[in-house]
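Observations on the three-dimensional arrangement
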Amino acid sequence: MKTFMVERYGDDVRAGDMPDPRVGADDVLVRVHAASVNPLDLKLRDGAFKAILPYRLPLILGNDLAGVVVRVGSAVTGFAVGDEVYARPDKDRIGTFAELIAVHQDDVAIKPATLTMTEAASLPLVALTSWQALVERAQVRPGQKILIHAGSGGVGTIAIQLAKHLGAHVATTASTAKVDLVEQLGADIVVDYKKQAFETVLDGYDVVLDTLGGETLEKSLRVLEPGGKVISVAGPPDAAFARELGANAFLRLAMSALSFTTRRRAKRRGVTYSFLFMKADGDQLRELTPLVDAGKIRPVVDRVFPFEETREAMAYVEMGRATAGKVVVTMT
């Protein structure tokens, strides 16, 4: 099958042929129709997680997909050949920049009927990230105040819509050109980061979803009320994340050290910090699907590339040229 893979960390991806996937008893074999590009793909290509996610090289990149089931394992009960599905494969079984991929049945869901394959492929990773941050970890309740950074980004566009569905009052940060978009998605307050510093105009928030890290993360601590939470997908990992990975004691200590300063600053303000590395979950996708089909959550696609231009699609994301939502590659 045709793929896009990385042979050495730090190298660019290249096109190449790989054997078709082996299909286990609990797997569905999916012919990929579309896959989206995520910042995670760039980090994996560069080896940013090699200490904690020891992939064997060469590695086929790609972390979410939409496609059609072409084969099912002997123990598969919920899917049949011909089903249109979408998924974020488990972190140990990525590889959606390929013609075929075998995915565990627990990580797959039937594609929303109202979406094209391209639209559906843009959702799994960012929708699961939003769900796991706002529903699972923050347990957002109606009336709470939520700040979502980078509202026009892949995670931001979905998180705004989900937070509004949950009944939250939503603030977001965005550039001048994207104010109208994030307001259309449901944001109640938009801070134009080119004109204002969010930490000077916002306060009393219950939850911050940080997608940027760095100074933005540190400043986010200032807008929370006591007992508030910062959940970051871009900040330093913590010991809880290491335990989720089953990391050894040395790695747990190392990750705890990386986030020590942030956690200490949070504690001084009476708030908490946690790092989120989203996980595959077909059940959660199935909970999200009715919201999509009902129009409560709609995907935002910035640009579509043909599969043979996957390398260019990754460069487009890396250079920050995507202005709103996701970049998707589609198969012929």
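As shown above, the structure is provided for reference.
First things first, this report covers the structure right here in the doc. (Residues numbered from 1 in each chain as written. Predicted model: local features only at pLDDT ≥ 70, side-chain atom pairs only at ≥ 80, totals over all residues. Heavy atoms only, no water.)

This next bit is on the pairing of strand β11 (residues 189-192). Remember that side chains alternate between the two faces of the sheet whenever the strand is regular. The pairing of strand β10 (residues 169-174) with β11 spans four bridges and is classified as parallel. For A174, the partnering residue across the bridge sits in β11 and is D192. Of the crossover connections in this fold, the one passing from β10 over helix α5 (residues 179-185) to the parallel β11 is right-handed. (Pairing = 2+ DSSP bridges. Helix = DSSP H or I, 4+ residues; strand = E, 2+ residues; numbered from the N terminus. Right-handed = clockwise from strand over helix to strand, strands pointing away.)

Moving on: the layout of surface pockets. There is about 450 Å³ of room inside the second largest pocket. Lining the second largest pocket are 19 residues, with I60, D92, R93, I94 and G95 sitting closest to its centre. Elements represented by at least two residues in the lining of the second largest pocket include exactly β4 (59-60) and β7 (100-104). Ranked by the residues each element gives to the lining of the second largest pocket, the list is headed by β7, at three residues. Within the lining of the second largest pocket, the residues separate by chemical class into 14 nonpolar, one polar and four charged. (1 Å grid on protein atoms, 1.4 Å probe; cavity = no way out; pocket = protein on both sides within 12 Å on 5 of 7 lines; lining within 4 Å. Points joined across faces, edges and corners; volume = space filled by probe spheres on them. Nonpolar A, V, L, I, M, F, W, Y, C, P; charged D, E, K, R; others polar.)

An order of β2-β1-β4 is seen for the three strands of this open sheet, with the pairing classed as antiparallel. Bordering the open sheet on either side are β2 (14-17) and β4, each of which pairs with just one other strand.

Glancing now at helix α1 (residues 39-46). Three or four residues apart is the spacing at which side chains of an α-helix point the same way, because the helix has 3.6 residues per turn. Among the residues of α1, L40, D41, L42, L44 and R45 are the ones counted as buried. Contacts from the buried residues of α1 go to β1 (2-6), β3 (27-37), α3 (124-137) and α12 (310-318). (Buried < 20%, exposed > 50% of the residue type's maximum accessible area, 1.4 Å probe, protein only. Contact = heavy atoms within 4.5 Å.)

Our focus in this paragraph is the pattern of salt bridges. Oppositely charged side chains are able to pair whenever their charged atoms sit close together. A complete count under the given rule lists 16 salt bridges for this structure. Across the salt bridge formed by R45 and D46, the nearest N and O atoms sit 2.9 Å from each other. Owing to a relative accessible area of 7%, R45 belongs among the buried residues under this scheme. For the salt bridge of D283 with R286, the shortest nitrogen-to-oxygen distance reads 2.8 Å. Of this pair, D283 and R286 both sit in helix α11 (residues 282-293), separated by three residues, roughly a single helical turn. A residue is classified by how much of its surface remains accessible, and R286, at 36% relative accessible area, is partly exposed. Connected via shared salt-bridge partners are R45, D46 and E318. (Salt bridge = Lys/Arg side-chain N within 4 Å of Asp/Glu carboxyl O.)

Attention shifts here to the sheet that holds strand β13 (residues 224-232). Overall, parallel pairing links the six strands, which are arranged β11-β10-β9-β12-β13-β14 in an open sheet. Unpaired on one side and paired on the other, β11 and β14 (272-275) mark the two borders of the sheet. Averaged over all pairs of adjacent strands, the angle between strand axes in this sheet comes to 15°, irrespective of strand direction. Across five bridges, the pairing between strand β12 (residues 205-210) and β13 is parallel. Paired with V207 across the two strands is K229, which belongs to β13. (Axes fitted to C-alpha atoms, helices over the stretch in contact; angles between N-to-C directions.)

With that settled, consider the side chain of S122. Note on placement: S122 falls in the loop between α2 (117-121) and α3. A relative accessible area of 1% places S122 in the buried class. Ignoring sequence-local partners within four residues, the contact set of S122 consists of S36, D64, P299, V301, K326 and V328.

It is at 9 Å that the axes of α3 and helix α4 (residues 154-165) come closest, and there the two elements cross at 50°. Relative to α4, α3 is oriented oblique. Every pair of crossing elements has a handedness; the one defined by α3 and α4 is right-handed. Contacts from V126, A127, T129, S130, W131, L134 and V135 of α3 reach α4 at G154, V155, I158, A159, L162 and A163. In terms of residue class, the contact of α3 with α4 is built from 10 nonpolar, three polar and no charged. (Parallel < 35°, antiparallel > 145°, perpendicular 65-115°, else oblique. Left-handed = near helix turned anticlockwise from the far one by under 90°.)

One pass over the full model with this rule turns up five aromatic pairs. With centroids separated by 5.5 Å and ring planes inclined at 35°, the aromatic side chains of F241 and F277 adopt a geometry described as tilted. With F241 in helix α8 (residues 239-245) and F277 in the loop between β14 and α11, this residue pair connects regions lying 36 residues apart in the sequence. Ring pairs connect the aromatic residues F49, F241, F275 and F277, which therefore count as one cluster. The cationic tip of K145 hangs over the ring face of Y205; the distance from NZ or CZ to the ring centre is 4.6 Å. For the cation-ring pair, R303 lies above Y316, with the distance from its terminal atom to the ring centre recorded as 5.1 Å. (Phe/Tyr/Trp six-rings, centres within 6.5 Å; stacked < 30°, edge-to-face > 60°. Lys NZ or Arg CZ within 6 Å of the ring centre and 35° of its normal.)

Geometric descriptors of this kind do not, in isolation, establish any biological role.
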